[in-house]
Amino acid sequence: ETGRAAACNVLRRQRLWEVFLFEHLKIEWAKIYELACSLEHATAPEVTEALAVFLENPRICPRGNPIPAADGSFTPLDGIPLNEAPLGETMRVLAVNATATDVLTYLQERNILPGRELTVLEAAPLQGPLTLRVEGKEVALGLSLAEFVVVRLISNP
């Protein structure tokens, strides 16, 4: 229980900083995780709570992940990894769980971002890439990268 509380506290600080950096300082989406990680380490509890109030207590970070409340509670995402998504179905990206800047940049350049709609057009055999339609463009995405993208069928609001 102590470990869970500590983990939620770290996630809260990290994700609040992501919101601040993205929404208020207009830092590029792919770079906010790494910057927020540095800030999180040096953030006192009073600063965390002041930041939460300043940001009007956001529930999700720009990568789409839930921000734990001060008591550690949060609503988990109701989605599946993109690599498990059915062919031909239109889905909405809920979150991106990647943390490496190069991976986030790759996804950003292909418009695979929270809130975007996409369709899996094809899954190549032998662990080959997925072919997606994102914002009217075809994009190939390897299965390993697709694991970091959490999606939900549009028909399941």
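Not measured: the values here are computed from a predicted model. (Residues numbered from 1 in each chain as written. Predicted model: local features only at pLDDT ≥ 70, side-chain atom pairs only at ≥ 80, totals over all residues. Heavy atoms only, no water.)

1. Digging into the sheet that holds strand β4 (residues 130-134)
Each strand in a sheet pairs with another by means of backbone hydrogen bonds, the pair being arranged parallel or else antiparallel.
Here is step 1 of the chain: Strand order across the open sheet formed by six strands is β1-β6-β2-β3-β4-β5, with antiparallel pairing between neighbours. Only two strands of the sheet have a single partner each, and these edge strands are β1 (80-81) and β5 (137-141).
Here is step 2 of the chain: Examined bridge by bridge, β1 and strand β6 (residues 149-153) share two bridges and lie antiparallel to one another. Paired with proline 81 across the two strands is valine 150, which belongs to β6. (Pairing = 2+ DSSP bridges. Helix = DSSP H or I, 4+ residues; strand = E, 2+ residues; numbered from the N terminus.)

2. Here we look at helix α4 (residues 101-109)
Here is step 1 of the chain: Turning to α4, its buried residues number three or more, namely Val103, Leu104 and Leu107. For α4, the arc enclosing every buried residue in end-on projection is 95°, short of the 170-degree limit, so these residues lie on one face. Of the residues in α4, the exposed ones pointing more than 90 degrees away from the buried face are Asp102 and Glu109.
Here is step 2 of the chain: Buried positions along α4 lie against α2 (32-41), β2 (90-96), β5, α5 (143-146) and β6.
Here is step 3 of the chain: Once α4 ends, the next one or two residues include asparagine 111, with phi positive near 65°. (Buried < 20%, exposed > 50% of the residue type's maximum accessible area, 1.4 Å probe, protein only. Arc of directions from axis to C-beta. Contact = heavy atoms within 4.5 Å.)

3. What about the packing of aromatic side chains?
The geometry of an aromatic ring pair is captured by the separation of the ring centres together with the interplanar angle, meaning the angle of the planes.
Here is step 1 of the chain: Following the criterion strictly, the structure yields two aromatic pairs and no others.
Here is step 2 of the chain: For the ring pair tryptophan 17 and phenylalanine 20, a centre distance of 5.7 Å and an interplane angle of 85° mean the geometry is edge-to-face. Of the two residues, tryptophan 17 and phenylalanine 20 both sit in helix α1 (residues 2-24), three residues apart, roughly one turn of that helix. Note on accessibility: tryptophan 17 and phenylalanine 20 belong to one class, buried.
Here is step 3 of the chain: These aromatic residues form a ring-pair network of at least three members: Trp17, Phe20 and Phe54. (Phe/Tyr/Trp six-rings, centres within 6.5 Å; stacked < 30°, edge-to-face > 60°.)

4. What about the side chain of glutamine 14?
Here is step 1 of the chain: With respect to the helices and strands, glutamine 14 occurs in helix α1.
Here is step 2 of the chain: Every residue in contact with glutamine 14, bar those within four places of it in the chain, is listed here: Tyr33, Ala36, Cys37 and Glu40.

5. Points about the nonpolar core
Here is step 1 of the chain: Judged by nonpolar contacts, the single largest core of 37 residues is most densely connected at Leu82, Ile112, Leu132 and Leu141.
Here is step 2 of the chain: Per-element accounting of this core gives the leading share, five residues, to α1.
Here is step 3 of the chain: Ignoring sequence-local partners within four residues, the contact set of leucine 141 consists of Leu82, Tyr106, Leu107, Ile112, Pro129, Leu130, Leu132 and Ala146. (Core = buried A, V, L, I, M, F, W, Y, C linked by side-chain atoms within 4.5 Å.)

6. Some details on the packing of α1 against α2
Here is step 1 of the chain: Running from N to C, α1 and α2 point in directions that differ by 125°, and their axes come no closer than 8 Å. Here α2 runs oblique to α1, going by the angle between their axes. Here α1 runs over α2; the crossing is right-handed. Facing Val10, Arg13, Gln14, Trp17, Glu18, Leu21 and Phe22 of α1, the residues of α2 in contact are Ile32, Tyr33, Leu35, Ala36, Cys37, Leu39 and Glu40.
Here is step 2 of the chain: Residue composition of the contact of α1 with α2, grouped by class: 10 nonpolar, one polar and three charged. (Axes fitted to C-alpha atoms, helices over the stretch in contact; angles between N-to-C directions. Parallel < 35°, antiparallel > 145°, perpendicular 65-115°, else oblique. Left-handed = near helix turned anticlockwise from the far one by under 90°. Nonpolar A, V, L, I, M, F, W, Y, C, P; charged D, E, K, R; others polar.)

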